[in-house]
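# Topology and contacts: notes
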Amino acid sequence: MSKFLIIDGNSLMYRAYFALPDLMNSEGLHTNAIYGFSMMLIKLLDEEKPDYIAVAFDKKAPTFRHKEYSAYKGTRQSMPEELIEQVDILKDVINAFNIKTIEIEGFEADDIIGTVSKIASENGLKVLIVTGDRDALQLVSDGVKVKICKKGITQMEEYDEKAVIERYEVTPRQFIDLKGLMGDKSDNIPGVPNIGEKTAIKLIKEFGSIENVLMNTDKLKGKIRENIENNTEMAVLSKKLATIERNVPIEIDLSEYQMKDYDREKLIDLFEKLEFTSLINDLKKDADDIREVKEWPVRDFKYVRELLKREDTVSFYPLILEGEVKAVSFATDDEIFFVEVDDYEEFKLLDNEKFALICHDIKDFFVNLSYHGIELKCKFYDTAIMTYLLNPSESNYDIGRVLKKYLKEDIPNIEDILGKGKSKKSYDDIDKKLLIDYLCATASKLSKLKDKLMSFIKEMEMEELLNNVELPLVEVLKSMEVYGFTLDKDVLKDLSKEIDEKTDKIIKDIYDAAGYEFNINSTKQLSEFLFDKLNLPAIKKTKTGYSTDMEVLVELMPYNEIVGEIIEYRQLMKLKSTYIDGFIPIMDKDDKVHSTFKQIVAATGRISSTEPNLQNIPARDEFGRRIRKAFISSFQGGYIVSADYSQIELRVLAHLSEDEKLIESFLNNEDIHLRTASEVFKIAPEKVTGEMRRRAKAVNFGIVYGISDYGLSRDLKISRKEAKEYIDNYFDRYKGVKNYIDSVVKFARENGYVTTILNRRRYIPEINSKNYNQRSFGERMAMNTPIQGSAADIIKMSMVKVYNELKARSLKSKLILQIHDELIVDTSPDEVEIVKDLLKTIMENVIKLRVPLVVDIGCGKNWYDAK
DNA sequence: GTTCTCACG
DNA sequence: ACGTACGTGAGAACA
């Protein structure tokens, strides 16, 4: 017999909300109710394997019970704010499970459940009701069971008729009579005064129903009789209120509630947004379909050579493992096959300008080949980059996800084949049949994927961005990675020694001050010292305790001398662990470090740098800056040439906003922060003080970040009111900026996305959120992304041009690093002037804006001196 | 694996 | 009344 599972959505949602601690995602959205509900739902689906399913919710409008009895649920607290914001998202989650929700005006979830269970029962289905509310026990009958949450979110108790009678000594139908007599505090159902569970059970067992009790009050005695006779109306009303309506006027087409597979993509997206990592992993495991392993032909490179004579475009998917390309798959319209790699020289047959590969996230392959001395001139499409352009906010662009999303196709899960973490397999241990299946299945779909993505790219007018910037950039980044940045080990060692000596002394001082030794790196132990031992005031809290960050420590400085030493210790430790100890082991035999540049990570279009991150080498603090002395040229007697865009983001803002004053400032090559100070503080430029300029600079930053008075006041440590005045003054003086910001937010609200100068796009779903925080966040993203993203567009164009120019002129000097508004070229001593000139010319003229682009060039024996 | 802190533009 | 400045990555501690 088929089973219909019907869930009381409100009840379980509340249960989850109260049972779990206050969870939050990084955007500040509370998630505990959604998380708990999802856990319960997954468990139920797994255990019950229903054939039909529905979730019922209350509807806000007053129900017939309120009309009957105005005080109904009168004592009920209104839903907490933290739960309200979860309701709609929870419904989205349920929806992503492909489960229908039912809500009906004027009825509670209970009534819907009563009605649906009745209909399902009449149609010969078994029914299981899941709720946290014992009232539902009245619905139990032959074929209808009720599951009630016991405690927490995982423990439940199942009731059939027998179980109800055992537990409550009355039948399910009599459960209503029971409640009519007892009343119900939580629903504010009055019942009969002074009759509790014990008496009620006794009466109902004896008389069978409230009506029968009322007709036979003469058989009762004393207080009980008195109470009942004086409250007959109450008893009847209470029973009515407690009775679940089983004839709600709805049409139920059972077939609509048949269990379907959940919408994997949608659910994973939602869970990612909610940051339910463990649930995502469960889903992924769960989807290890009972997929048939196909057999594919295994060929060799000789065969590939023949193939390339016939085809000018071939799909291609490599497996890189243990630092080597172990195997590859090829696919055309006509054939798909696997090739094992035993000689890198074979790849040279791909070195052909006339011929194109279709691949997914191909840079690593090119990098690997380059380390083996092989450079391929072939054209290529990269479906990962294309997918990134279509939506740069995805958390990753794994081929499996992309194929699922755009082609609704499944391929095997790579982690199952290669293993992960501790159980990661070596190439020889991999099941070849599974591997071949994976590589070939993937390659076989790339062409279709590329066509589909390309049609979207064209639709969104990002073809030029793709072809002129992002795809050519792959080779540039490859070259930067492979070439690397040379470090001077001795400089690092000397600095390390200096740091050790300083920290030794500081550690002693801190231990002396404490009177005991502890781990200063531990925020927990440090806060014990600061806030318990020294009794310093705790300034702010973190999720887990008191904060000990820089801002707090600076505030604590006046209280105790040791705080200053803690700050210094922190700075020194950071320098040592991240930039010295972190770098030495990753230097190669030539004392170079090779970062990996990520092209499909940052949602604004920037590139990022990892292992090591060369984009966050200390610069602001003088001591930390000395690390840069270790970054030197690879050339004997060579130079580091640095070229950075001056105020690129504000120039982009001037261009986008067409603000007259801002444009004028840049045309006249003014000190931009000074000018802003003069405007905001409404005084002559020569009267602007250093402090005013500093504040104006913060205002300019704020404008770029998507300003708020709160953020500015925090940064400048001024009142909200004062911050607001600055902002108002700014917008009053820079009307073009104001108009631009308003219009970009409006555009985002209406279209759901914003764009950059090169038409790069970022979606901002948060902008229409009902949650204030989320919406504000969306608005700031809408303001910031066109600015940050356009700056990224510009420097990316420059990178491609600089790289190509260095190459075209056969210069030895190499572009080795980009830091968002700055390019670094490792320069041969005989090419210094050429490189400086080339950088300045290309970068300043790479695009024509309404204001000039200005590039400052620095040059030195090391990165520190290149300023 | 998550949290805190801090490095950069 | 609400409560965050935008975009990244990495090391250490802790659970």
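Residues numbered from 1 in each chain as written. Chains lettered and ligands numbered in written order. Predicted model: local features only at pLDDT ≥ 70, side-chain atom pairs only at ≥ 80, totals over all residues. Heavy atoms only, no water.

Scanning chain A from N- to C-terminus turns up 34 helices and 23 strands. When its C-alpha atoms are laid out on the principal axes, chain A stretches across 115 × 75 × 60 Å. Out of the 867 residues belonging to chain A, those deemed buried represent 51%. Of the roughly 41,000 Å² of accessible surface on chain A, 47% is carried by carbon and sulfur atoms. (Helix = DSSP H or I, 4+ residues; strand = E, 2+ residues; numbered from the N terminus. Buried < 20%, exposed > 50% of the residue type's maximum accessible area, 1.4 Å probe, protein only. Areas by Shrake-Rupley, 256 points an atom, 1.4 Å probe, with all protein chains shown as cover.)

Turning our attention to the protein's contact with DNA strand C. Taken together, the neighbourhood of DNA strand C is formed by 35 residues, with Asn519, Ser522, Ala603, Ser608 and Glu611 sitting nearest. Per the 4 Å cut-off to the protein, sugar and phosphate atoms form 67% of the nearby atoms of DNA strand C. The contact in question runs from a phosphate oxygen of DNA strand C to an N or O atom on the backbone of Ala603, over 2.8 Å. Measuring from a base nitrogen of DNA strand C, one finds a backbone N or O atom of Ala698 at 3.3 Å. (Near = heavy atom within 4 Å. Polar contact = N/O pair within 3.5 Å; in protein donor to acceptor, adjacent residues only side chain to side chain.)

Attention now goes to the side chain of Asn784. As for its position among the elements, Asn784 is in helix 33 (residues 772-808). Apart from residues no more than four positions distant in its own chain, Asn784 is found in contact with Thr604, Val704, Tyr705 and Gly789. (Contact = heavy atoms within 4.5 Å.)

Before going further, it helps to spend a moment on the sheet that holds strand 23 (residues 855-860). Reading across from one edge, 21-22-18-23 is the order of the four strands in this open sheet, with antiparallel pairing throughout. Unpaired on one side and paired on the other, strand 21 (814-818) and strand 23 mark the two borders of the sheet. Taken pair by pair, the neighbouring strands of this sheet meet at an average axis angle of 20°, ignoring direction. Across the face of the sheet, helix 20 (residues 463-483) comes into contact with strand 21 and strand 22 (822-827) while running at roughly 95° to strand 21. (Pairing = 2+ DSSP bridges. Axes fitted to C-alpha atoms, helices over the stretch in contact; angles between N-to-C directions.)

Within the UniProt annotation, "domain: DNA-directed DNA polymerase family A palm" (unreviewed entry) is assigned to residues 624-831. In the segment residues 624-831, helix accounts for 58% and strand for 12%; the C-alpha atoms at its two ends are 30 Å apart. (UniProt positions renumbered as here; feature names shortened; annotations may be inferred.)

Soluble globular proteins: nonpolar side chains tend toward being buried together. Phe347, Phe485, Leu530, Tyr730 and Ile794 are the most contacted members of the largest nonpolar core, which totals 187 residues. Of the residues forming this core, the biggest block, 13 residues, is contributed by helix 33. By size, the runner-up hydrophobic cluster in this structure holds 48 residues, among which are Val164, Ala200, Ala235 and Leu254. (Core = buried A, V, L, I, M, F, W, Y, C linked by side-chain atoms within 4.5 Å.)

Counted by the stated rule, this structure contains 32 aromatic pairs. Ring centres 5.1 Å apart and planes at 85° place the aromatic pair Tyr303 and Phe337 in the edge-to-face group. With Tyr303 in helix 14 (residues 301-310) and Phe337 in strand 10 (residues 336-340), this residue pair connects regions lying 34 residues apart in the sequence. Take Tyr303: its relative accessible area is 27%, and that puts it in the partly exposed class. Where Tyr516 meets Phe518, the ring centres are 5.6 Å apart and the plane angle is 50°; that geometry is what we call tilted. (Phe/Tyr/Trp six-rings, centres within 6.5 Å; stacked < 30°, edge-to-face > 60°.)

It is worth spelling out the protein's contact with DNA strand B at this point. Around DNA strand B there are 26 residues in total, and Thr548, Lys574, Ala619, Arg620 and Asp821 lie nearest to it. For DNA strand B, the backbone makes up 76% of the atoms found within 4 Å of the protein, where backbone means sugar plus phosphate. A distance of 3.5 Å separates a phosphate oxygen of DNA strand B from a polar atom in the side chain of Ser547. For DNA strand B, a sugar or linking oxygen lies 2.7 Å from a polar atom in the side chain of Asp821. In terms of residue class, the surface near DNA strand B is built from seven nonpolar, eleven polar and eight charged. (Nonpolar A, V, L, I, M, F, W, Y, C, P; charged D, E, K, R; others polar.)

Let us look at a negative patch on the surface. Together, Asp142, Asp160, Glu161 and Glu166 make up a region of like negative charge exposed at the surface. Within the secondary structure layout, Glu161 lies in helix 6 (residues 161-168). The partly exposed category is assigned to Glu161, whose relative accessible area is 35%. (Patch = residues over 30% accessible without salt bridge, like charges linked within 9 Å, V, L, I, M, F, W, Y side chains within 5 Å. Salt bridge = Lys/Arg side-chain N within 4 Å of Asp/Glu carboxyl O. Lys, Arg positive; Asp, Glu negative; His and termini not counted. Charge placed at Lys NZ, Arg CZ, Asp CG, Glu CD.)

Turning next to the domain arrangement of chain A. Taken as a whole, chain A is organised into domain 1 (1-164 + 253-287), domain 2 (173-243), domain 3 (298-459), domain 4 (492-590) and domain 5 (649-788). When each unit is reduced to the centre of its C-alpha atoms, the spacing between domain 3 and domain 4 is 47 Å. (Domains from an automatic or database assignment.)

So, about the sheet that holds strand 1 (residues 3-8). On the basis of which strands lie adjacent, the open sheet formed by six strands has the order 3-2-1-4-5-6 and mixed pairing. The outermost strands of the open sheet, each flanked by one partner alone, are strand 3 (100-103) and strand 6 (156-159). Within this sheet the neighbouring strands show an average axis-to-axis angle of 25°, counted without direction. In terms of strand pairing, strand 1 meets strand 2 (residues 52-57) through five bridges, oriented parallel. Its bridge partner being in strand 2, Ile6 is matched across the sheet by Ala54. Docked against the sheet, helix 5 (residues 109-122) engages strand 1, strand 2, strand 3, strand 4 (126-131) and strand 5 (144-149), running at close to 175° with respect to strand 1.

Moving on, we come to helix 30 (residues 709-716). Regarding helix 30, the residues found buried are Leu712, Ser713 and Leu716. End-on, the buried residues of helix 30 take up no more than an arc of 100°, which puts them together on one face. Opposite its buried face, helix 30 presents the exposed residues Arg714 and Asp715, each directed more than 90 degrees away. In the core, the buried residues of helix 30 are packed alongside helix 29 (690-705) and helix 31 (720-733). Where helix 30 terminates, the next one or two residues include Lys717, which has phi positive at roughly 55°. (Arc of directions from axis to C-beta.)

Looking now at the pairing of strand 5. Most of strand 5 is tucked away, with five of its six residues classed as buried. Inspection of the sheet shows strand 4 paired to strand 5 by five bridges, in the parallel sense. Residue pairing across strands places Val127 opposite Val144, the latter belonging to strand 5. As defined by bridge partners, strand 5 adjoins strand 6 across four bridges and the pair is classed as antiparallel. Each bridged residue has a counterpart across the sheet, and for Cys149 the counterpart in strand 6 is Met156.

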